Structures are given as C-alpha cells and as structure tokens.
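Next come the chains, spelled out residue by residue.
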Amino acid sequence: MSKLGGATARVVKGALKARQTRAALTLTNEAVSRIRVLLAQQNDANALKIGVRQKGCNGLTYTLEYAREKQKFDEEVEQDGIKVWIEPKAQLSLLGSEMDYVTDKLSSEFVFRNPNIKGTCGCGESFSI
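Residues numbered from 1 in each chain as written. Predicted model: local features only at pLDDT ≥ 70, side-chain atom pairs only at ≥ 80, totals over all residues. Heavy atoms only, no water.

When you look at the overall build of the protein chain in this model, what are you seeing that I'm missing?
Within the protein chain, the regular secondary structure consists of 2 helices and 11 strands. Each helix and strand of the protein chain, placed in order from N terminus to C terminus, yields the pattern β-β-β-α-β-β-β-β-α-β-β-β-β. Looking at the protein chain as a whole, 43% of its 129 residues are labelled buried. Residue pairs in contact within the protein chain that sit at least 24 positions apart in sequence constitute 61% of those at least 6 positions apart. Split by element, the accessible area of the protein chain, about 7300 Å² in all, is 47% carbon and sulfur. (Helix = DSSP H or I, 4+ residues; strand = E, 2+ residues; numbered from the N terminus. Buried < 20%, exposed > 50% of the residue type's maximum accessible area, 1.4 Å probe, protein only. Contact = heavy atoms within 4.5 Å. Areas by Shrake-Rupley, 256 points an atom, 1.4 Å probe, with all protein chains shown as cover.)

Here's what the structure looks like:
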C-alpha cells in the first residue's frame, strides 16, 4: 500500500451513489481533514499528489506524495481549501472516484471508492481497469 505520513491507501470496488460534480475526484470531510493535517506537518508542501504505478498482483496501485509545484498536465482538485493534484496517468482511472480517510482499531488509511475498476487483489492494494 502507498504510504504517506503513516497512512495507507486502499481501493474499494463498487459503484457510488450518483452525484453531480465536475471534479475528477471527490474528497470526504474525513479525507480533507487528514490531508490538512498532513500538509500542515510539511513546510514545503502545497498539495497532495496522486499518481498510479504498475505494482501489486492486480496491476496498478495509487501513490500519494507531497508536492510543491503543480506540473503542466496535472489535474487540480480543490475542496475546502485543500489542493490535490492528479498526475496525467491517474486521471482516467480516478474519474468519478471518492477519496475517504478511514480509521478503525487496527489501521488508518485513505480509501478510494472507484466505480471504474474491474478487479482488485485480496488486500485491496492493487486494482485493474
């Protein structure tokens, strides 16, 4: 799983409730709060950057990194004062997704609810489109 500031990212297969939005990615209140905390801990970070890499048993996995500068073709999602930049390779795979931050007794992680994925591995780290 991608690690960022002690948090991990997981993919959940399934459809989301229909909602009208122009954003490539929607953030829950919990995700906004956690990203705000993480960015406050990094003096030189202006946004969270989401990418996708070939990794894992199902093909692709999300990466989360701190970013200072938006690259030319990065998609910007701004919600409640938080900026998330999406790398070009990840834009189509994230379209219509929701990013959440979930905490339970054993873990805390970012969860991507993505209606575009066709399959995931057992642990939820990697996915295929």
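Hey, could you run me through the nonpolar core in this one?
Nonpolar side chains in soluble globular proteins generally cluster together in the buried interior. Counting 24 residues, the largest nonpolar core has Leu 25, Ile 35, Ile 50, Val 84 and Met 99 as the members making the most contacts within it. Counting only elements with at least two residues in this core, the list comes to strand S3 (25-27), helix H1 (29-40), strand S4 (47-54), strand S5 (60-67), strand S7 (82-86), helix H2 (88-94), strand S8 (97-103) and strand S9 (108-114). Looking at this core, the element that brings in the most residues is H1, giving 5 residues. If we skip the residues at most four places from it in the chain, Met 99 touches Leu 25, Thr 26, Leu 27, Thr 28, Ala 31, Ile 35, Leu 48, Ile 50, Leu 64, Phe 110, Val 111 and Phe 112. (Core = buried A, V, L, I, M, F, W, Y, C linked by side-chain atoms within 4.5 Å.)

Explanation requested: H1 in the structure shown.
Given 3.6 residues to a turn, an α-helix orients residues that are three or four positions apart in the same direction. The end-to-end C-alpha distance of H1, which contains 12 residues, comes to 17 Å, matching closely the 16 Å that a straight helix rising 1.5 Å per residue would cover. Among all positions of H1, only Ala 31, Val 32, Ile 35, Leu 38 and Leu 39 are buried. Within H1, the buried residues cover an arc of 130 degrees as seen down the axis, which keeps them to one side. Exposed positions of H1 whose direction lies more than 90 degrees from the buried face are Asn 29 and Ala 40. (Expected span 1.5 Å × (residues − 1). Arc of directions from axis to C-beta.)

Quick question: what am I supposed to make of the pattern of salt bridges here?
Any two side chains of opposite charge can pair if their charged atoms end up close together. Applying the stated criterion across every chain yields a total of 5 salt bridges. Where Asp 74 meets Lys 49, a salt bridge forms, and the shortest distance between an N and an O atom there is 2.8 Å. Note that Asp 74 is positioned in the loop between S5 and strand S6 (75-79) and Lys 49 in strand S4, a separation of 25 residues in sequence. Lys 49 shares its class with Asp 74; the two are buried. A salt bridge links Arg 53 to Glu 87, with the nearest nitrogen and oxygen atoms 3.0 Å apart. Here Arg 53, found in strand S4, pairs with Glu 87, found in the loop between S7 and H2; they are 34 residues apart in sequence, far enough to count as distant. Classification of Glu 87 as buried rests on a relative accessible area of 13%. One continuous salt-bridge network, built from bridges that share partners, spans Glu 98, Asp 100 and Arg 113. (Salt bridge = Lys/Arg side-chain N within 4 Å of Asp/Glu carboxyl O.)

Please explain the pairing of S6 as it appears in this structure.
Where a strand is regular, its side chains alternate between the two sheet faces. Bridge analysis of S6 against S7 gives 5 bridges, and the strand direction is antiparallel. The partner of Glu 75 across the bridge, within S7, is Ile 86. The antiparallel pairing of S6 with S7 creates a hairpin that spans 2 residues between the two strands, and Asp 80 there sits at a positive phi of about 55 degrees. (Pairing = 2+ DSSP bridges.)

What exactly am I supposed to notice about unusual backbone geometry here?
Excluding glycine, residues mostly carry a negative phi; peptide bonds, for their part, are mostly trans. Backbone geometry places Asp 80, a non-glycine residue, at a positive phi of 55 degrees. Mapped onto the elements, Asp 80 comes out in the loop between S6 and S7.

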